Amino acid sequence: MKAIISDIHSNLEALQAVLKDIEKHQVDDVYCLGDVVGYGPNPRECVDLVMKCKMVLLGNHDQGAMFDPDGFNPPAERAIFWTRAQLEAPGENRLLKERRWEFLAERPRSFKENGFLYVHGSARNPLNEYVFPEDIYNQSKMKRIFALVEKYCFQGHTHVPGIFTEQLADELYQFHSPEDIDYVYRLDGRKILCNVGSVGQPRDGDWRACYVLLDGETIRYRRVEYDIETTIKKIYAIPELENFLGDRLRDGR
Ligand SMILES: [Fe+2]
């Protein structure tokens, strides 16, 4: 069994709670679809934990922290500059600092394995393209993305968990939220895009950390409670991180 996590965004409390939940299941490998950092108060600690995962992709915020951030709104950009300063901070273990930096710099943008594709954004643009639930009405977009997927694609980036399916006959697309499918989806050969949701900043109205377990043919969504008030307090205490980045965690938006 695999656990697939994404979009941790420097939220240590959420990541620790998810890793604890993962321990309760027979998980062999943890895959992470990127955005380990950005927005939240604990970039270093989150990178250190994620380094233990079997496979970790590059997210757009991870890239922004290393190189020049491009296309971010002002609060996100400020958070990214603060994140970079944390990763560059002198005075602590220099070797560890270099290891983190190297680790982030070496992240691939996509990963393929036995018909399964893993990306941060989309099969078409692994780093930056959003696939939102309402995109099911954008048939040309969905058609192009589905054409690039051999069987199953796992992605993150929007922080909105759920499964996109295609109806081959009339090319209509559907989106199923975790609640719609009772948190379980069985892979039956039909192509899907699975958004695994976000560990550290869910945006589907549910504040709990989100990830999936993949066991052969079954995807299971997990929602995990964590000590959200501690994370919010940390965000409030860091001037470079705007307070609303904490408030939004409470609303899951
Ligand atoms: Fe993200």
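Residues numbered from 1 in each chain as written. Predicted model: local features only at pLDDT ≥ 70, side-chain atom pairs only at ≥ 80, totals over all residues. Heavy atoms only, no water.

### Remarks on the sheet that holds strand E4 (residues 110–113)
- As summarised here, the arrangement of the six strands in space is E4-E5-E6-E10-E7-E8, forming an open sheet in which the pairing is mixed. The open sheet is flanked by E4 and strand E8 (172–176), the only strands paired with a single partner. With strand direction ignored, the average angle separating the axes of adjacent strands in the sheet is 15°.
- Pairing geometry for strand E5 (residues 116–119) and strand E6 (residues 152–155), over three bridges, is parallel. Within E6, the position partnered with leucine 117 by the bridge is cysteine 153. (Pairing = 2+ DSSP bridges. Helix = DSSP H or I, 4+ residues; strand = E, 2+ residues; numbered from the N terminus. Axes fitted to C-alpha atoms, helices over the stretch in contact; angles between N-to-C directions.)

### Concerning the coordination of the iron ion
- For the iron ion, the full set of protein donor atoms is Asp7 (OD), His9 (NE2), Asp35 (OD) and His159 (NE2), at a range of 2.0 to 2.4 Å.
- For the iron ion, the four donor atoms in the first shell make angles of 84 to 178° at the metal, a pattern classed as irregular.
- Counting gaps between the donor residues of the iron ion yields the pattern D-x1-H-x25-D-x123-H. Of this pair, histidine 9 sits in the loop between strand E1 (2–5) and helix H1 (12–23) while histidine 159 is found in the loop between E6 and strand E7 (162–167), placing the two residues 150 residues apart along the sequence.
- What makes histidine 159 buried here is its relative accessible area of 2%. (Donors = N, O, S within 2.8 Å, 3.2 Å for Na, K, Ca; no water. Tetrahedral: all angles 85-135°; square planar, octahedral: opposite > 155°, others 65-115°. Buried < 20%, exposed > 50% of the residue type's maximum accessible area, 1.4 Å probe, protein only.)

### Thoughts on the state of the cysteines
- Enumeration according to the criterion identifies zero disulfides in this entry.
- Here cysteine 194 is not disulfide-linked; the sulfur of cysteine 210 is the nearest cysteine sulfur, at 8.8 Å.
- What makes cysteine 194 buried here is its relative accessible area of 0%.
- Judged by relative accessible area, cysteine 210 falls into the buried class, the value being 0%. (Disulfide = S-S within 2.5 Å.)

### With respect to empty space enclosed by the protein
- The final tally for this structure, using the stated rule, is one cavity of 30 Å³ or more.
- Within this model, the largest cavity holds a volume of roughly 50 Å³.
- Forming the boundary of the largest cavity are His9, Asn11, Tyr39, Gly40, Gly200, Gln201, Thr231, Ile235, Leu245 and Leu249.
- Of all the secondary-structure elements, those providing two or more residues to the lining of the largest cavity are helix H7 (228–237) and helix H8 (244–251). (1 Å grid on protein atoms, 1.4 Å probe; cavity = no way out; pocket = protein on both sides within 12 Å on 5 of 7 lines; lining within 4 Å. Points joined across faces, edges and corners; volume = space filled by probe spheres on them.)

### Thoughts on the pairing of E1
- Residues of E1 alternate between two faces, with Lys2 and Ile4 on one and Ala3 and Ile5 on the opposite face, all of them buried.
- Here four bridges tie E1 to strand E2 (residues 29–32), and the two strands are oriented parallel to one another. Bridge assignment links lysine 2 to a residue of E2, and that residue is aspartate 29.
- The handedness of the E1 to E2 crossover, carried by H1, is right-handed.
- Sheet topology places E1 next to strand E11 (residues 209–215); three bridges connect them, and they run antiparallel. In the sheet register, alanine 3 faces E11, and the bridge partner there is leucine 213. (Right-handed = clockwise from strand over helix to strand, strands pointing away.)

### Remarks on the environment of lysine 112
- Relative to the helices and strands, lysine 112 is located in strand E4.
- Expressed as a C-alpha distance, the spacing of lysine 112 and glutamate 150, which sit 38 residues apart in the sequence, is 9.9 Å.

### Quick look at the packing of helix H4 (residues 74–88) against helix H5 (residues 94–105)
- Here H4 crosses H5 at 130°, and the two axes come no closer than 9 Å. Considering the angle they form, H4 stands oblique to H5. Contacts from Arg84, Leu87 and Glu88 of H4 reach H5 at Lys97, Arg100, Trp101 and Leu104.
- Within the contact of H4 with H5, the residues separate by chemical class into three nonpolar, no polar and four charged. (Parallel < 35°, antiparallel > 145°, perpendicular 65-115°, else oblique. Contact = heavy atoms within 4.5 Å. Nonpolar A, V, L, I, M, F, W, Y, C, P; charged D, E, K, R; others polar.)

### Description of the side chain of aspartate 35
- With respect to the helices and strands, aspartate 35 occurs in the loop between E2 and helix H2 (43–50).
- No salt bridge is formed by the buried aspartate 35, whose closest oppositely charged neighbour, arginine 203, lies at an N-O distance of 7.0 Å.
- Residues within four places of aspartate 35 in sequence aside, it is in contact with Asp7, Ile8, His9, Gly59, Asn60, His61, Asp62 and His120. (Lys, Arg positive; Asp, Glu negative; His and termini not counted. Salt bridge = Lys/Arg side-chain N within 4 Å of Asp/Glu carboxyl O.)

### Re the side chain of glutamine 201
- Inspection of the secondary structure puts glutamine 201 in the loop between strand E10 (192–195) and E11.
- The residues touching glutamine 201, leaving out its near neighbours within four places in the chain, are Asp7, Tyr39, His159, Leu245, Arg248 and Leu249.

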